[in-house]
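The chain contents come next:
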Amino acid sequence: MRIVVLDDYQQVACRFADWSGLDAEVEFIDRPIVDDDDLVQVLSGAEVAVAMRERTAFTAVRLERLPNLRLLVTTGRVNASIDVEAARAQGIVVCGTESTTSATPELTWGLILSVLRSIPAEDAAVRGGGWQSTVGGDLDGHRLGVVGLGRLGTKVARVGAAFGMDVVAWSQNLDAERADALGVRAVSKDELFSTADVVTLHYKLSERSRGLVGAAELAAMKSDSILVNTSRAGLVDTDALITVLEAGGIRGAGLDVHDEEPLPVDHRLRSAPRTVLTPHLGYVTEDTYRIFFTQAVEDIAAWIAGEPIRVLG
């Protein structure tokens, strides 16, 4: 049996689980998949593929060109880049894994503090012989606006409260009573964007939410506020954000997710002012990878035994 583990950019999948017990040929691909033909070639003859989150799409068109594929394992419980119905119709079992709920909120606060206190810029200044070139913002007594108060947004909100922040939240169907029970005040979308000192996104991407943060929302933000996105790039109009940053419309932005990943070398974001950019690190932690790959191996072993587990859809 041939098993292909895709998008192992850091070449670490082999050390976070024991793949030897599968008694199969396991290949780890450490580069992004370029296009349909590339995926077909990489998975030629493979019965099992392991997808790292949403790095590689498995569309109906691509699945049709993979006649040998019988099991597709994705890290995480949901993968919007996999056409699960098309896979099922083709007789491909799709399984997932569990994940931590702490990694992304932790990175969110890393980005908030990095932008607010200009940590990367000050680090570079010190290394270059400089000293104290910026004046940072504050958290205590200021307002945190959480867009999406689900599992991750709730964790971020609790940390904001611990910093002494006034925490408000908005989502399309936010339950005001639930928010209140968490010590968070539910507000309108307009109020959140126009009054928050920090706006952080933790919202599910759908056709309805795509472009949720556009030119109007960015224009409504205070000039000393920051935007942080560790959720999905499609929630933000990137061109509008760059325009606002270049015009000095907001203090800055911390972005872990991007419209195209890996981010092209010549992308405008790479030179956008007052930004902290990370390469989609939200889930990239030791504990998360240990769960991802250990359970991926478990999924494969169970499927081989004829009793698949964690089946999606």
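Residues numbered from 1 in each chain as written. Predicted model: local features only at pLDDT ≥ 70, side-chain atom pairs only at ≥ 80, totals over all residues. Heavy atoms only, no water.

- The name an unreviewed UniProt entry assigns to the protein is Lactate dehydrogenase, from the organism Brevibacterium iodinum ATCC 49514.
- Quoted verbatim from the Sequence similarities (unreviewed entry) field of the UniProt record, the comment on the protein reads "Belongs to the D-isomer specific 2-hydroxyacid dehydrogenase family." (UniProt positions renumbered as here; feature names shortened; annotations may be inferred.)

**Notes on unusual backbone geometry**
Point 1. Across the junction of Glu 261 and Pro 262, the peptide omega takes the value -5 degrees, indicating a cis bond.
Point 2. One can find Pro 262 in the loop between β11 (252-255) and β12 (275-277).
Point 3. Even without being a glycine, Ser 118 presents a positive backbone phi close to 50 degrees.
Point 4. Examined against the element boundaries, Ser 118 turns out to sit in the loop between α4 (103-116) and α5 (119-127).
Point 5. Positive phi, close to 45 degrees, is recorded for Gln 132, a residue that is not glycine.
Point 6. According to the relative accessible area criterion, Gln 132 is exposed, its value standing at 67%. (Helix = DSSP H or I, 4+ residues; strand = E, 2+ residues; numbered from the N terminus. Buried < 20%, exposed > 50% of the residue type's maximum accessible area, 1.4 Å probe, protein only.)

**Concerning the domain arrangement of the protein**
Point 1. Taken domain by domain, the protein consists of domain 1 (2-100 + 285-305) and domain 2 (102-277).
Point 2. When each unit is reduced to the centre of its C-alpha atoms, the spacing between domain 1 and domain 2 is 31 Å.
Point 3. Between domain 1 and domain 2, the buried area comes to about 500 Å², and carbon and sulfur atoms account for 41% of it.
Point 4. On the surface where domain 1 and domain 2 come into contact, there are 1 salt bridge.
Point 5. Two residues, Glu 54 and Arg 232, come together in a salt bridge whose shortest N-O distance is 3.3 Å.
Point 6. Scanning the region where domain 1 abuts domain 2 turns up 1 residue pair in polar contact (both at pLDDT 80 or more). (Domains from an automatic or database assignment. Buried area = accessible area lost by both parts, 1.4 Å probe. Salt bridge = Lys/Arg side-chain N within 4 Å of Asp/Glu carboxyl O. Polar contact = N/O pair within 3.5 Å; in protein donor to acceptor, adjacent residues only side chain to side chain.)

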